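# Remarks on the overall topology
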Amino acid sequence: MAVAAPGEMAATPGERHAGGDRPWRRAVIVGLGVFAVSRAGMVAISVFAWVGDPGPRKSPTHVAWLWASQWDSPWFIAIAEHGYQRTADDSPAAFFPLYPLLIRVATPLCLGKSWVAALLVANLALAAALILLYRLTDLELGQRAAGRAVFYLVAFPTGFFLGAAYNESLFIALAVGTVYCLRRQLWWSAGLLGGLAAATRSAGILLAFAFVIEYTQRKMKLSEISALMVIPAGLGGVMLTDWIAYGDPLAFSHTQAQHWGRHLAWPWQAPVDAMTKAGPPFTEIWTHNVLELGTVIGLAALLTPWLRRPSLGNPWLRKPGTALYPLLGLALLMFAVSFPSRYTSDIPNPLYSASRIGLEAFPAFMALGALGERRWVDRAVTTIFLTTQGILAAHFLHRGWVA
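Residues numbered from 1 in each chain as written. Predicted model: local features only at pLDDT ≥ 70, side-chain atom pairs only at ≥ 80, totals over all residues. Heavy atoms only, no water.

### Some details on a nonpolar patch on the surface
On the surface, a cluster of nonpolar side chains totalling about 440 Å² of accessible area is made up of Val43, Val47, Phe48 and Val51. For Val43, the position within the fold is in helix H1 (residues 23–48). Accessibility expressed as a relative area gives 52% for Val43, which makes it exposed. (Patch = residues over 30% accessible without salt bridge, like charges linked within 9 Å, V, L, I, M, F, W, Y side chains within 5 Å. Areas by Shrake-Rupley, 256 points an atom, 1.4 Å probe, with all protein chains shown as cover. Salt bridge = Lys/Arg side-chain N within 4 Å of Asp/Glu carboxyl O. Helix = DSSP H or I, 4+ residues; strand = E, 2+ residues; numbered from the N terminus. Buried < 20%, exposed > 50% of the residue type's maximum accessible area, 1.4 Å probe, protein only.)

This is the structure we're talking about:
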């Protein structure tokens, strides 16, 4: 018998359509349950990250603030407070507007503290993402796989970013919602959510690819496929914002190249560089390259076998028409590695942030949820994920770079 993830239902996949079943009620209960447990874990990390720390005493408010003050977080909060301001390289343009806009809207509800609003928005989005991911996985792979999928997502080594002041959880919620609406043939809802995703992160434009995949498998009317245009409209809103603020509709791309050294490359170039130029073993940059490369290889290994047909005995697939998931997951992964950081003496990390951005390839966690039916897989994944996350999250709280 497989080990159940926290909050997982005991019913078999075939029982989910039984009379009286309430799939959304179950999704809310399990999703919020996993959310609560994961937040308790973050509280534990926030408490024990200071073992042996010689620094001054810290208040609970200060420790909470640390989750909203590291690396990318101040950029989002500054945009929420002051808008897109001019800098030497227009670097704020790299951060898409929807998350800062929601922070700005939520700030009055948080007594004017924008950092509190940033954490509130991220965590509400995480709760929504877990509920939607459970519902989608339950629809395709059954309740047991769904329970494990949401647990593995928050337990992933970089899963703590989902509750920090970053936009990953918002993007995942919108992307999963888009795919769920596609699978339920709610075309305009899918288009709207996809457009919002494209206004959150540049990878949101790939959700138009999901539309095309569904279009090839179903007989959609012209009025239905036209909902697809809402997704590039989301990116168009970003370009309009950049044009107004900086006079350059592609400022979000140009500043990524100038400030962070990101550039278009073949998708295999960055992984090869990470393997061949990782540096001396057990140094900081070597560890980062191992984390990033391990993420890319691991997620690709989960998604690639899903391309096989059910008739070939593929354990990932339980029903026809689900090729959307591996194709979208691999597209999201390839998009992340196709814009690597330049390999330079000061940042020898070509897969810069891949372990965090990899969280967005949510179909991989659906596949892992199905594979977790094997007890040894579930135990191995849980142990490795949680141990690594605890170490990385503590390092993050100490202002260390993770991803």
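The discussion continues.
### Description of the layout of surface pockets
When its volume is computed, the largest pocket comes out at roughly 890 Å³. Around the largest pocket, the lining comprises 36 residues; the ones closest to its centre are Ala94, Arg201, Ser202, Gln256 and Arg262. For the lining of the largest pocket, the secondary structure elements donating two or more residues are helix H3 (73–82), helix H12 (251–259), helix H15 (324–337) and helix H16 (354–357). At five residues, H12 tops the list of elements feeding residues into the lining of the largest pocket. In this structure, the second largest pocket encloses a volume near 630 Å³. Taken together, 27 residues form the lining of the second largest pocket, with Phe156, Pro157, Gly294, Ile384 and Phe385 sitting closest to its centre. (1 Å grid on protein atoms, 1.4 Å probe; cavity = no way out; pocket = protein on both sides within 12 Å on 5 of 7 lines; lining within 4 Å. Points joined across faces, edges and corners; volume = space filled by probe spheres on them.)

### Looking at the nonpolar core
It is characteristic of soluble globular proteins that their nonpolar side chains tend to be buried jointly. Within the largest apolar cluster, 126 residues are counted, with the highest numbers of intra-cluster contacts made by Trp67, Tyr99, Phe160, Phe211 and Phe362. By residue number, the principal contributor to this core is helix H5 (residues 114–141), which donates 18 residues. Counting seven residues, the second-largest nonpolar core is a separate cluster that includes Ala270, Ala274, Val337 and Leu351. (Core = buried A, V, L, I, M, F, W, Y, C linked by side-chain atoms within 4.5 Å.)

### Structural notes on empty space enclosed by the protein
Where empty space is left becomes clear once a probe the size of a water molecule has been rolled over the atoms. Per the counting criterion, the structure on display carries one cavity of 30 Å³ or more. Taken as a whole, the largest cavity spans an internal volume of roughly 40 Å³. Taken together, Ala203, Leu332, Leu333, Ala336, Ile357, Gly358, Glu360 and Ala361 make up the full set of residues lining the largest cavity. Residue contributions to the lining of the largest cavity peak at three residues, all from H15. Grouping the amino acids of the lining of the largest cavity by side-chain chemistry returns six nonpolar, one polar and one charged. (Nonpolar A, V, L, I, M, F, W, Y, C, P; charged D, E, K, R; others polar.)

### Description of the confidence of the model for the chain
Summing up the model confidence of the chain, the mean pLDDT is 88 and the portion of residues at 70 or higher is 90%. Segment residues 1–19 is flagged for pLDDT under 50; beyond a separation of four residues in sequence, or across chains, it makes 42 contacts in the model. Within the model, the stretch residues 310–316 combines pLDDT values under 50 with twelve contacts to residues more than four positions away or in other chains. (pLDDT = per-residue confidence, 0-100. Contact = heavy atoms within 4.5 Å.)

### Some points on the pattern of salt bridges
Per the stated rule, a full pass over the model turns up eight salt bridges. Between Arg26 and Asp138 there is a salt bridge, with the nearest N and O atoms lying 2.6 Å from each other. Placement of Arg26 in helix H1 and of Asp138 in helix H5 is noted, with a sequence separation of 112 residues between them. Here Asp72 and Arg356 are joined by a salt bridge, their closest N and O atoms 3.5 Å apart.

### As for unusual backbone geometry
For Leu111, which is not a glycine, the phi torsion comes out positive at approximately 60°. On the secondary structure map, Leu111 appears in the loop between helix H4 (98–106) and H5. Residue Ser353 is not a glycine yet carries a positive backbone phi of 75°. In this fold, Ser353 is placed in the loop between H15 and H16.

### A closer look at the packing of helix H8 (residues 187–198) against helix H9 (residues 207–217)
The N-to-C vectors of H8 and H9 enclose an angle of 155°; their axes lie 9 Å apart at closest approach. Classified by the angle their axes make, H8 and H9 are roughly antiparallel. From H8, Trp187, Ala190, Gly191, Gly194 and Ala197 reach across to H9, where they touch Leu207, Phe211 and Glu214. Across the contact of H8 with H9, the residue classes break down as five nonpolar, two polar and one charged. (Axes fitted to C-alpha atoms, helices over the stretch in contact; angles between N-to-C directions. Parallel < 35°, antiparallel > 145°, perpendicular 65-115°, else oblique.)

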